[in-house]
Number of protein chains: 2
Amino acid sequence: MTFTQTLPLTDISRGVAYGQADAACSSPSARAAIAPERADSLARSLKALADPARLRIISIVAAHADAEACVCDLTDQLTLSQPTISHHLKVLVDAGFLTRVKRGTWSYYSMVPGSLESVAGVLAAV
Amino acid sequence: MTFTQTLPLTDISRGVAYGQADAACSSPSARAAIAPERADSLARSLKALADPARLRIISIVAAHADAEACVCDLTDQLTLSQPTISHHLKVLVDAGFLTRVKRGTWSYYSMVPGSLESVAGVLAAV
DNA sequence: TCCTTGGATTGACATTGGTCGATGCAATGT
DNA sequence: ACATTGCATCGACCAATGTCAATCCAAGGA
């Protein structure tokens with residue numbers, strides 16, 4: 001899988017308006033549509049989130065008192081193998097939603113503050 | 001593809017807290033994580049949105065003055081074949097983001113009001 | 001009636017994505 | 001030094017997804 005870092009999305013400007021087709025079926029465009037590169041970027045972020053296991057991972061991490069969870073927390077609650085969970089964690093880290101810190105034998109994952117809200121905001125504004 | 005109707009998401013309640021593992025690496029959970037069914041539902045909605053072409057389609061439809069666009073508007077602006085665009089439109093309709101109305105030879109697509117904001121809201125609350 | 005046109009459906013294809021078993025690796029305990 | 005433990009990586013497999021050419025269908029227009 002090739003989820004590259006996409007956040008933050010806030011520095012991607014809107015594209016210019018496209019030429020308005022004057023076909024019979026068309027009505028005028030009130031504002032500019034999203035720029036293709038911006039659509040690509042947002043789609044990459046949404047793809048990283050669009051999986052039940054990854055949403056649950058994010059929720060479990062965010063629900064922890066210190067917003068930090070180790071892989072063992074996740075293997076307990078998700079009925080998935082450890083390699084699969086590790087894979088999903090990598091996807092979320094690569095997409096910029098989680099960060100990883102290793103202490104001793106354990107890896108701890110935490111939310112990147114505002115990353116989820118940023119995507120939600122961009123999405124609502126599309 | 002099998003995107004079933006998932007919106008609105010607001011009637012899906014949160015699940016109960018999971019048993020807290022008392023392993024050495026764990027910290028206490030401050031609140032309940034998302035329920036698996038809720039994660040499935042949200043993931044289906046996000047999957048429908050997680051494509052650059054579909055995001056652009058939504059944006060083009062929403063940008064129209066009357067929030068309505070026909071397929072010819074989309075084939076003009078997207079470098080995709082007509083069957084592909086028709087396919088993406090079906091995904092968005094099935095997921096509850098667009099509605100279709102046919103007048104004469106043309107099909108017009110409009111946004112389902114609040115559908116995008118609903119997903120964005122649920123996402124930010126995960 | 002026939003032809004044209006807008007758009008949906010079908011079928012096929014290549015690519016991507018989710019999953020797991022096996023393995024590797026670093027840190028800790030004995 | 002050796003065994004154990006927690007977790008990442010690799011390789012393989014199958015299911016799901018995005019794309020298009022070909023086709024079909026309905027609505028108008030000649």
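Residues numbered from 1 in each chain as written. Chains lettered and ligands numbered in written order. Predicted model: local features only at pLDDT ≥ 70, side-chain atom pairs only at ≥ 80, totals over all residues. Heavy atoms only, no water.

Peer 1: For the overall build of chain A, give the residues involved together with the corresponding values.
Peer 2: Across its full length, chain A carries 5 helices and 3 strands. Listing the helices and strands of chain A from first to last along the sequence gives α-α-β-α-α-β-β-α. Taking all 126 residues of chain A together, 49% fall into the buried category. For chain A, the share of sequence-separated contacts (at least 6 apart) that also reach a separation of at least 24 residues comes to 59%. Accessible surface, chain A as shown: approximately 5,700 Å² in total, 56% of it carbon and sulfur. (Helix = DSSP H or I, 4+ residues; strand = E, 2+ residues; numbered from the N terminus. Buried < 20%, exposed > 50% of the residue type's maximum accessible area, 1.4 Å probe, protein only. Contact = heavy atoms within 4.5 Å. Areas by Shrake-Rupley, 256 points an atom, 1.4 Å probe, with all protein chains shown as cover.)

Peer 1: Break down the packing of aromatic side chains for me, citing the residues and quoting the values.
Peer 2: Within this structure, the stated rule accounts for 0 aromatic pairs over all chains. Its guanidinium or amino end placed over the ring of Tyr108(A), Arg103(A) lies 4.3 Å from that ring's centre, counting from NZ or CZ. (Phe/Tyr/Trp six-rings, centres within 6.5 Å; stacked < 30°, edge-to-face > 60°. Lys NZ or Arg CZ within 6 Å of the ring centre and 35° of its normal.)

Peer 1: Quick one: what's the story with the protein's contact with DNA strand C, residue by residue and with numbers?
Peer 2: Neighbouring DNA strand C are 24 residues; Thr84(A), His88(A), Gln82(B), Ser86(B) and Tyr109(B) lie closest to it. Each atom of DNA strand C within 4 Å of the protein belongs either to a base or to sugar and phosphate, the latter forming 73%. Within the contact set of DNA strand C, a base nitrogen lies 2.6 Å away from a side-chain nitrogen or oxygen of Gln82(B). For DNA strand C, a phosphate oxygen lies 3.4 Å from a polar atom in the side chain of Arg100(B). Within the residue set of the surface near DNA strand C, elements represented by two or more residues are helix H4 (82-94) of chain A together with helix H3 (71-77), helix H4 (82-94) and strand E3 (106-111) of chain B. (Near = heavy atom within 4 Å. Polar contact = N/O pair within 3.5 Å; in protein donor to acceptor, adjacent residues only side chain to side chain.)

Peer 1: Kindly report on the packing of helix H2 (residues 52-63) of chain A against helix H1 (residues 36-49) of chain B, identifying the contributing residues and their values.
Peer 2: Axis separation between H2(A) and H1(B) bottoms out at 8 Å; the angle between their running directions is 120 degrees. What the angle tells us is that H2(A) and H1(B) run oblique. Crossing of H2(A) over H1(B) shows right-handed handedness. Contacts between H2(A) and H1(B) involve Pro52(A), Leu55(A) and Arg56(A) on the former and, on the latter, Pro36(B), Ala39(B), Asp40(B), Leu42(B), Ala43(B) and Leu46(B). (Axes fitted to C-alpha atoms, helices over the stretch in contact; angles between N-to-C directions. Parallel < 35°, antiparallel > 145°, perpendicular 65-115°, else oblique. Left-handed = near helix turned anticlockwise from the far one by under 90°.)

Peer 1: I'd like a description of the interface of chain A and chain B, backed by residues and values.
Peer 2: Contacts between chain A and chain B engage 48 residues on the former and 48 residues on the latter. Summed over both partners, the interface of chain A with chain B comes to about 4,000 Å²; 66% of that surface belongs to carbon and sulfur atoms. Where chain A meets chain B, there are 0 salt bridges. Looking at the side of chain A that touches chain B, the elements with two or more residues in it are helix H1 (36-49), H2, strand E1 (68-70), helix H3 (71-77), strand E3 (106-111) and helix H5 (115-124) of chain A. Of the residues that constitute the side of chain A that touches chain B, the class distribution is 32 nonpolar, 6 polar and 10 charged. (Buried area = accessible area lost by both parts, 1.4 Å probe. Salt bridge = Lys/Arg side-chain N within 4 Å of Asp/Glu carboxyl O. Nonpolar A, V, L, I, M, F, W, Y, C, P; charged D, E, K, R; others polar.)

Peer 1: Describe the pairing of strand E2 (residues 98-103) of chain B, and please don't skip the residues or the numbers.
Peer 2: Residues and elements named next belong to chain B. Note that E2 and E3 share 6 bridges and pair antiparallel. Within E3, the residue paired with Thr99 across the bridge is Ser110. Between E2 and the antiparallel strand that follows it, E3, lie 2 residues; Gly104 among them carries a positive phi value of about 65 degrees. (Pairing = 2+ DSSP bridges.)

Peer 1: Tell me about the protein's contact with DNA strand D, residues and numbers included.
Peer 2: Near DNA strand D, the surroundings consist of 23 residues, among which Gln82(A), Ser86(A), Tyr109(A), Thr84(B) and His88(B) are the closest. Near the protein, within 4 Å, the atoms of DNA strand D are sugar or phosphate in 75% of cases. Between DNA strand D and Cys72(A), the relevant distance is 3.3 Å, taken from a phosphate oxygen to a main-chain nitrogen or oxygen of the residue. Listed by contribution, the elements that provide at least two residues to the surface near DNA strand D are H3, H4 and E3 of chain A together with H4 of chain B.

Peer 1: An account of the relation of the copies chain A and chain B is requested, with residue identities and associated values reported.
Peer 2: Expressed as a screw operation, the relation of chain A to chain B combines 0.0 Å of axial shift with a rotation of 180 degrees, fitting to an RMSD of 0.0 Å. The two molecules are tied by a two-fold rotation axis, judged by turn and shift. Identified as the residue of chain A closest to the rotation axis by C-alpha distance is Ala120(A), at 2.2 Å. A shared interface surface links the copies, since 100% of the contact residues of chain A are contact residues in chain B too. (Least-squares fit on C-alpha atoms with pLDDT ≥ 70 in both.)

Peer 1: Give a detailed account of the sheet that holds strand E2 (residues 98-103) of chain A, specifying residues and quantitative values.
Peer 2: Residues and elements named next belong to chain A. Reading across the sheet, the 3 strands line up as E1-E3-E2 and stay open at both edges, with antiparallel pairing between neighbours. Since the sheet does not close on itself, it has two edges, and those belong to E1 and E2, each with one partner. The average angle at which neighbouring strand axes cross in this sheet is 30 degrees, direction not considered. Sitting on the sheet, H2 touches E1, E2 and E3, and the angle it makes with E3 is about 90 degrees.

Peer 1: Describe in detail the sheet that holds strand E1 (residues 68-70) of chain B, supporting the description with residues and values.
Peer 2: All names here are of chain B. Pairing within the open sheet is antiparallel, and its 3 strands lie in the order E1-E3-E2. Both edges of this open sheet fall to E1 and E2, since each of them pairs with a single strand only. Strand after strand, the sheet turns through a mean of 30 degrees between neighbouring axes, direction not considered. The strands that helix H2 (residues 52-63) touches are E1, E2 and E3; relative to E3, the one it contacts most, it runs at about 90 degrees.

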